[in-house]
Amino acid sequence: MDMIYQILDLNNDGRISQKELSIFVRRLEVLGKLPAEFPTVASLMAEFDTNKDGSISKAEFMNMASYVDFRSVTKMPEGLTTTVAGNLTSR
Ligand SMILES: [Ca+2]
Ligand SMILES: [Ca+2]
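Bear in mind the structure is a predicted one, so any value in this text is a computation, not a measurement. (Residues numbered from 1 in each chain as written. Chains lettered and ligands numbered in written order. Predicted model: local features only at pLDDT ≥ 70, side-chain atom pairs only at ≥ 80, totals over all residues.)

**Q** Provide a residue-level description of the overall build of the chain, including the pertinent values.
**A** In terms of helices and strands, the chain carries six helices and two strands. Traced from its N-terminal end to its C-terminal end, the chain shows the element sequence α-β-α-α-β-α-α-α. For the chain, the proportion of its 91 residues judged to be buried stands at 18%. Taking as baseline every contact in the chain between residues at least 6 positions apart, the subset at least 24 positions apart corresponds to 56%. (Helix = DSSP H or I, 4+ residues; strand = E, 2+ residues; numbered from the N terminus. Buried ≥ 20, exposed ≤ 12 C-beta atoms within 10 Å, placed from the backbone. Contact = placed C-beta atoms within 7 Å.)

As C-alpha cells, then:
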C-alpha cells in the first residue's frame, strides 16, 4: 500500500489532497481502469478524511484502502504516474 500511497501523493508532501485524488480518479477513468463501483472523490473525502483537513493522511489512507479495492490500481500500465505528474505540472 505504501507504493500506491506514493503514486497518489503527486507532490510528495506526505498527504493526498482532494485534487491529487481527483486527478488520479480521472486518469483511471480516461484509461478505462476505473471500476464501475468506485466511489466518487467527494464521497471518499467525506468518508475517510476523518479530521476534515482536506487531505488524506497515511493513517486515513490505510483506513480507506481497507474499504476501497485498490488492487486495480496496481495493474495500471507503466508510465501512468509520469503521465499524471506531467499533467499536474503543466497546469
Ligand atoms: Ca500531496
Ligand atoms: Ca485528513
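**Q** Describe helix α2 (residues 18–30), naming the residues involved and giving the relevant values.
**A** Three- or four-residue spacings in an α-helix give side chains the same orientation, since the helix completes a turn every 3.6 residues. End to end, α2 covers 18 Å across 13 residues, agreeing with the expected 18 Å (1.5 Å per residue, within 8%). Of the residues one or two after α2, G32 is the one with positive phi, at around 70°. (Expected span 1.5 Å × (residues − 1).)

**Q** Let's hear about the nonpolar core: which residues, and what values?
**A** Most often, soluble globular proteins keep nonpolar side chains buried together rather than apart. Of all hydrophobic cores here, the largest spans 10 residues; its members are L8, I16, L21, F24, L44, M45, F48, I56, F61 and M64. Broken down by element, this core gets its largest block of residues, three residues, from helix α3 (residues 41–48). Dropping the residues within four chain positions of it, L21 is found in contact with L8, I16, V41, L44 and I56. (Core = buried A, V, L, I, M, F, W, Y, C linked by C-beta atoms within 7 Å.)

**Q** Give me unusual backbone geometry: which residues, what numbers.
**A** Of note in the backbone geometry, N12 takes a positive phi value of approximately 55° without being a glycine. Among the secondary structure elements, N12 is positioned in the loop between α1 (2–8) and β1 (16–17). Not every positive phi belongs to a glycine, and K52 is a case in point at roughly 55°. Within the fold, K52 resides in the loop between α3 and β2 (55–56). What makes K52 exposed here is the crowd of 8 C-beta atoms within 10 Å.

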